[in-house]
Amino acid sequence: MHDVTRAGNAYEVVARVNELATGTMQAVVLSTGEKVCLIRTAAGYCALADRCSHRDFPLSAGEVTSDGLIECSWHGAQFDPVTGVMLTGPGGDDVKTYDVRIEDNSIMIAPTSAPR
Ligand code: FES
């Protein structure tokens, strides 16, 4: 893993483009120790904190629904992969989002400070 600094944020390479098929997710860990769920939907790449806000289950263990939402496999909460907003579910907050950049064949993530 290496860093690429852009506009004050340190982007880290977490995967290669060809490692993630459309409609799949992958658990990655940033150098800060943050666990992140990297997602590829039909619309592109996104990243959320890899922890459901209901009971902390890893979102990367869930699935991408046919309409492009992230569904937690424990109790079925659904999140918008771009905004981190919980759209349906048993209750919980929105989840943190991360900025994703693609450069050459690399998928890079930088931390963001709060849910948007
Ligand atoms: S832990 Fe995700 S819905 Fe309960």
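Report follows, based on the coordinates.

## Re the layout of surface pockets
- There is about 200 Å³ of room inside the largest pocket.
- The wall of the largest pocket is formed by K35, A49, D50, R51, C52, S53, D56, D93, D94, V95 and K96.
- Here the residues of the lining of the largest pocket sort into three nonpolar, one polar and seven charged.

## Let's talk about the packing of aromatic side chains
- Per the stated rule, a full pass over the model turns up one aromatic pair.
- For the pair F57 and W74, a centre-to-centre distance of 5.7 Å together with 50 degrees between the ring planes defines the contact as tilted. Highlighted residues: F57 in the loop between β5 (44-49) and β6 (63-64) and W74 in the loop between β7 (70-71) and β8 (78-79), separated in sequence by 17 residues.

## Brief notes about the sheet that holds β7
- Spatially, β6-β7-β8-β9 is the arrangement adopted by the four strands of the open sheet, whose pairing is antiparallel. Edge positions in the open sheet fall to β6 and β9 (86-88), since each of these has one partner strand only.
- In this sheet, β9 lies alongside β8 in antiparallel orientation, the contact comprising two bridges. Looking across to β9, one finds that F79 is bridged to M86.

## Quick word on the environment of S31
- Here S31 lies in the loop between β3 (24-29) and β4 (35-41).
- Sequence spacing of S31 and E12 is 19 residues, and the spatial spacing of their C-alpha atoms is 8.0 Å.
- Polar side-chain contacts of S31 include one of 2.4 Å to the side chain of E12.

## Examining the pattern of salt bridges
- Scanning the entire structure with this criterion turns up two salt bridges.
- Here K96 makes a salt bridge to E34, at a shortest N to O gap of 3.0 Å. Of this pair, K96 sits in the loop between β9 and β10 (97-103) while E34 sits in the loop between β3 and β4, placing them 62 residues apart in sequence.
- Here R51 ties to D56 by a salt bridge, and the two come within 3.4 Å at their closest N and O atoms.

## Concerning the pairing of β3
- In terms of strand pairing, β3 meets β4 through six bridges, oriented antiparallel. Paired with Q26 across the two strands is L38, which belongs to β4.
- Connecting β3 to the next strand, β4, in antiparallel fashion are five residues, including G33 with a positive phi near 95 degrees.

Reading guide: rules and limits
Residues numbered from 1 in each chain as written. Predicted model: local features only at pLDDT ≥ 70, side-chain atom pairs only at ≥ 80, totals over all residues. Heavy atoms only, no water. 1 Å grid on protein atoms, 1.4 Å probe; cavity = no way out; pocket = protein on both sides within 12 Å on 5 of 7 lines; lining within 4 Å. Points joined across faces, edges and corners; volume = space filled by probe spheres on them. Nonpolar A, V, L, I, M, F, W, Y, C, P; charged D, E, K, R; others polar. Phe/Tyr/Trp six-rings, centres within 6.5 Å; stacked < 30°, edge-to-face > 60°. Helix = DSSP H or I, 4+ residues; strand = E, 2+ residues; numbered from the N terminus. Pairing = 2+ DSSP bridges. Polar contact = N/O pair within 3.5 Å; in protein donor to acceptor, adjacent residues only side chain to side chain. Salt bridge = Lys/Arg side-chain N within 4 Å of Asp/Glu carboxyl O.

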